[in-house]
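A look at the structure
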Amino acid sequence: MPDNFAEAVVTDPPYGIGFQYENHDDSEEQWIILMNKFVPHAKRVGCFVVMPCCSQRRLRWWYQYH
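Rules of the game
Residues numbered from 1 in each chain as written. Predicted model: local features only at pLDDT ≥ 70, side-chain atom pairs only at ≥ 80, totals over all residues. Heavy atoms only, no water. Helix = DSSP H or I, 4+ residues; strand = E, 2+ residues; numbered from the N terminus. Contact = heavy atoms within 4.5 Å. Salt bridge = Lys/Arg side-chain N within 4 Å of Asp/Glu carboxyl O. Buried < 20%, exposed > 50% of the residue type's maximum accessible area, 1.4 Å probe, protein only. Polar contact = N/O pair within 3.5 Å; in protein donor to acceptor, adjacent residues only side chain to side chain.

**Topic: unusual backbone geometry**
- In the Ramachandran plot, Asn 4 falls in the positive-phi region, its phi being about 55 degrees despite a non-glycine side chain.
- Within the fold, Asn 4 resides in the segment before strand S1 (9-10).

And the structure:
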């Protein structure tokens, strides 16, 4: 998708809370890896990004890295 293609990107990613999926590692570490790959693309494509982070401690990650 081109830059600024969408007004908003709204997503519900895995939460990284250790839930036991059959085929997904829902650890905190994997959540950070996934989000570090995904968020730059979401911000490039959308003018506004909505993403639950499920933890106040992750707000620092959001503002520090994105």
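There is more to say, and it comes next.
**Brief notes about the environment of Val 45**
- With respect to the helices and strands, the residue Val 45 is situated in helix H1 (residues 28-45).
- Distance from Val 45 to Asn 4, taken between C-alpha atoms, is 4.6 Å for residues 41 residues apart in sequence.
- Residues within four places of Val 45 in sequence aside, it is in contact with Met 1, Pro 2, Asp 3, Asn 4, Phe 5 and Ala 6.

**Some points on the pattern of salt bridges**
- In this structure the tally under the stated criterion is one salt bridge.
- A salt bridge links Asp 3 to Arg 44; the nearest nitrogen and oxygen atoms lie 3.1 Å apart. One end of the pair, Asp 3, is in the segment before S1; the other, Arg 44, is in helix H1, with 41 residues separating them in the sequence.
- Accessibility expressed as a relative area gives 32% for Arg 44, which makes it partly exposed.

**A short note on the side chain of Asp 26**
- By the element assignment, Asp 26 lies in the loop between S1 and H1.
- Side-chain polar atoms of Asp 26 contact the backbone nitrogen of Gly 16, separated by 2.9 Å.
- Not counting residues up to four positions away in its chain, the partners in contact with Asp 26 are Pro 14, Tyr 15, Gly 16, Ile 17, Gly 18, Phe 19 and Tyr 21.

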